[in-house]
Each structure stands twice: as structure tokens, then as C-alpha cells.
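Chain by chain, the residues:
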Amino acid sequence: MRLLITGGAGYIGSVLTGMALEQGHAVTVLDDLSFQQDSLLSLAHHPRFDFLQGDARNPDVLGPSLEQADAVIPLAALVGAPACDVDPDRATSVNLDAIRTLLELRRPEQRVLFANTNSGYGSHPDAVCTEETPFAPISLYGRTKVEAEGLVLESGNGLAFRLATAFGASPRMRFDLLVNDFVEQAHREGVLVLFESGFQRNFIHVRDIARAFLFGLENFESMEGQTFNVGLSDANLTKLELAERIRRQVPRLKILESVTGRDPDKRDYLVSNDKIESLGWRPSYSLDDGIAELLKVCRLMPRRPYRNI
Ligand SMILES: NC(=O)c1ccc[n+]([C@@H]2O[C@H](COP(=O)([O-])OP(=O)(O)OC[C@H]3O[C@@H](n4cnc5c(N)ncnc54)[C@H](O)[C@@H]3O)[C@@H](O)[C@H]2O)c1
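Keep in mind that this is a model prediction, so the values were computed, not measured.

**Student:** I keep staring at the domain arrangement of the chain and nothing clicks. Help me out?
**Tutor:** When the parts of a complex come together, some accessible area is lost, and that lost area is often used as the size of the interface. Annotation of the chain at the domain level lists domain 1 (2–166 + 203–230) and domain 2 (170–202 + 233–270 + 285–300). The centre of domain 1, based on its C-alpha atoms, is set 25 Å off from the matching centre of domain 2. The interface is formed by 32 residues belonging to domain 1 together with 25 residues belonging to domain 2. Joining domain 1 to domain 2, the criterion identifies zero salt bridges. Summed over the shared surface of domain 1 and domain 2, the result is 12 residue pairs in polar contact (both at pLDDT 80 or more). Where the side of domain 1 that touches domain 2 is concerned, the elements lending two or more residues are helix H1 (13–22), helix H3 (81–86), strand E6 (123–129), helix H5 (140–155), strand E8 (165–167), strand E10 (200–205) and helix H7 (206–218). Take the side of domain 1 that touches domain 2: its biggest share by element is six residues, from E6. A class-by-class count of the residues in the side of domain 1 that touches domain 2 yields 17 nonpolar, 13 polar and two charged.

**Student:** I keep staring at the pattern of salt bridges and nothing clicks. Help me out?
**Tutor:** Side chains bearing opposite charge may pair, as long as their charged atoms lie close to each other. Taken as a whole and assessed by the stated rule, the structure comprises 12 salt bridges. For Arg100, the salt bridge is made with Glu147, and the minimal N-O distance between the two is 3.8 Å. A residue pair is termed long-range when its members are at least 10 positions apart, and Arg100 in helix H4 (residues 88–105) and Glu147 in helix H5 qualify at 47 residues. Judged by its relative accessible area of 32%, Arg100 is partly exposed. Through salt bridges with shared partners, a single ionic network connects Asp97, Arg100 and Glu147.

**Student:** Can you walk me through the pairing of strand E9 (residues 191–194) in this structure?
**Tutor:** Of the two faces of E9, only the one carrying Leu192 and Leu194 is buried; Val191 and Val193 on the other face are not. The sheet contact formed by E9 and strand E13 (residues 254–257) spans four bridges and is parallel. What sits directly across from Val193, in E13, is Leu256.

**Student:** What am I meant to see in the site of the ligand here?
**Tutor:** Taken together, the neighbourhood of the ligand is formed by 33 residues, with Tyr11, Asp31, Tyr141, Lys145 and Arg174 sitting nearest. A distance of 3.1 Å is found between a nitrogen atom of the ligand and a backbone nitrogen or oxygen belonging to Asp32. Within the contact set of the ligand, an oxygen atom lies 2.7 Å away from a side-chain nitrogen or oxygen of Arg174. For the ligand, whose unbound accessible area comes to 840 Å², protein coverage reaches 98%. If one sorts the elements of the shell around the ligand by residue count, strand E5 (residues 111–117) sits on top with three residues. Here the residues of the shell around the ligand are counted per class, giving 17 nonpolar, nine polar and seven charged. Here the shell around the ligand gathers at least three residues from each of two domains, domain 1 (2–166 + 203–230) and domain 2 (170–202 + 233–270 + 285–300).

Basis of the calculations
- Residues numbered from 1 in each chain as written.
- Predicted model: local features only at pLDDT ≥ 70, side-chain atom pairs only at ≥ 80, totals over all residues.
- Heavy atoms only, no water.
- Domains from an automatic or database assignment.
- Contact = heavy atoms within 4.5 Å.
- Salt bridge = Lys/Arg side-chain N within 4 Å of Asp/Glu carboxyl O.
- Polar contact = N/O pair within 3.5 Å; in protein donor to acceptor, adjacent residues only side chain to side chain.
- Helix = DSSP H or I, 4+ residues; strand = E, 2+ residues; numbered from the N terminus.
- Nonpolar A, V, L, I, M, F, W, Y, C, P; charged D, E, K, R; others polar.
- Buried < 20%, exposed > 50% of the residue type's maximum accessible area, 1.4 Å probe, protein only.
- Pairing = 2+ DSSP bridges.
- Near = heavy atom within 4 Å.
- Areas by Shrake-Rupley, 256 points an atom, 1.4 Å probe, with all protein chains shown as cover.

Okay, structure coming up:
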């Protein structure tokens, strides 16, 4: 298929673009390179890869880039609650208005596969969140993503993945994601200070996120119009449990608890990924695989921040 991936030079996009090319798709990436990243350089040789630097909010840029696409994966966003709170107008225009523009411009036969966050479930400490659980997003980030998902589904010929917190290596590395951040701190400082240590989250390897999108492209007819949680079913863990898993691979790690500090998204939930697994999709990378990989990343990228804020 011919794919347009907006935000394809980002943490998820630069992994997905390479994997989509390997599977035989043709990929055009539209990205404004917000982070001056050169994450797609190693793909420049590829005859089925093309890149446009531009703003996914601008219809004069988005319209022509859409023309040849069979399917669109709009990843361009201001990602994470802290980044959105720094510039709420930009967050709303990139995360929501640009999706509205995309849906107006695309032809009805062009498929849209949307990346939502499962932080849209809000705080549900006692329940297992399925795709039927009502959304209760707390941050502006969560609210814009949830609203955009609604627009995609309403518009037809689309589907949405509700992604757990990603971890693992990417050419556009992010150390502001929980597992990546904890492993980096464990490696660098040998100490982790936890707040809200009993809050539970669900995690997923960045390459498994890419595999979910490729699965969605392959099985679009049976998945169209629906939403799917995508996470590791055996990694619904509290922050304390995550820290303890990291300590298995970093034995000198000291884990301390703090009563100050709060998550702006108040993420505290268990997530069921049964729906996508019932279609035959399975993750390929465990949390322990990811921790081992991230320790290598720390050695490869000493003291480089790579955070969204
Ligand atoms: N990483 C996660 O854990 C996670 C979890 C759930 C959902 N998501 C969603 O996945 C998508 C990608 O997230 P990510 O982790 O790769 O984030 P990222 O910040 O690494 O990637 C975002 C990309 O969008 C680009 N961009 C930003 N504004 C743009 C604009 N106006 N025009 C064109 N490009 C623009 C940036 O340059 C960047 O390459 C986002 O939609 C995010 O909401 C991510």
C-alpha cells in the first residue's frame, strides 16, 4: 500500500516507517521536524520512501501529500501532558484541528489508522479498562487525543489504537516515557525516587506498536470502525513493580519513595488487550527485553536528554 505517515520522524513513526518499508509498503512521511531530528536518514536510500518537511496542520501541505495515499497514519502531535500544557493552543491545533482538516481533505476510500493514548481512560484503580470503558481524560493531551479519535471513527473508514506507554529504542529517542526514563535514571544515578508508586500502568514496546499498525493495515476490513487497546497483557504494573523489574538487571539500583510529585494524567489503571489478541495479534517484545535493550541505548547515548519537555 501507499502510506502517508504524518509525524513519521517521531519516536514511533521512525520505527514504523522502516518496518512498513520492510513489509513492502511505499511510505511518504510528512513531519515538521520539531526536534531537529535526523531519525529517518538511514531510509533516504530507499526507492519507496519519500519525505516532506511541513506542517500537518496546513491544508496546502497536507492536501497534496495525501493525494497518492491508500492509507494515512496521523502520528503528528504534541505528545504528552507536560508538552501540551506548555502551549495549549498549539496542542489543540496539532492534536485535534489537524485531524479535522485531514478528515475533510481525505477521499472516502482513504483509510485512517489513528494513534490514541490509553491515558484517555483516566483514573480507574479498581477496574480493568476495556474498549467499552468510558473515557475520562484528565489532561489537555488526553482530551485532544480522545476527541480526535471520536472524529476519526465518526468519519468512517478508520480505526483507532489506544496505545499503552511505549518503551524501547527508536532513532528519535525519547527518555520522557516512563520505562525509558526509569531505566536511564537507574543506569546513570543508580537511584530511583518514586512518587505515586502504587499507580498502575500498561506498557508496550515501540516495535510492537509498529506491528499493531501493520496488522491493522493487513486486517483492515475486519477491524474498521473499531478501537483496540494495544499493550503488554503481562505488564500492567505499578511504578514500584516496574522499578523492581529494572533492579533485576541493575542490581545496584536503590528505590526510594517520595510523597511529593504527581502525574498530570493521573494514570492509574489496568488495561485489557484481549480484543486485539482475539484477532491473533500478539506482542513480540517483553518488558524485560525492553529493559535490556534500553540499558544498551544508555551506553550508546550517554547523557543526551531527548525529552519532549
Ligand atoms: N509514545 C507513546 O507512548 C504514545 C502512546 C500513546 C499514543 N501515542 C501517540 O503516537 C503518536 C506519536 O507519538 P511519539 O511518541 O512518536 O511522539 P513524538 O513526539 O516522538 O512524535 C511526534 C512527531 O510529530 C511531529 N510533529 C509535531 N507537530 C507537527 C506538525 N504540526 N506537523 C508535522 N509534524 C509534526 C514531530 O516532529 C515528531 O516527529 C502521537 O500521536 C501520540 O499521541 C504515543
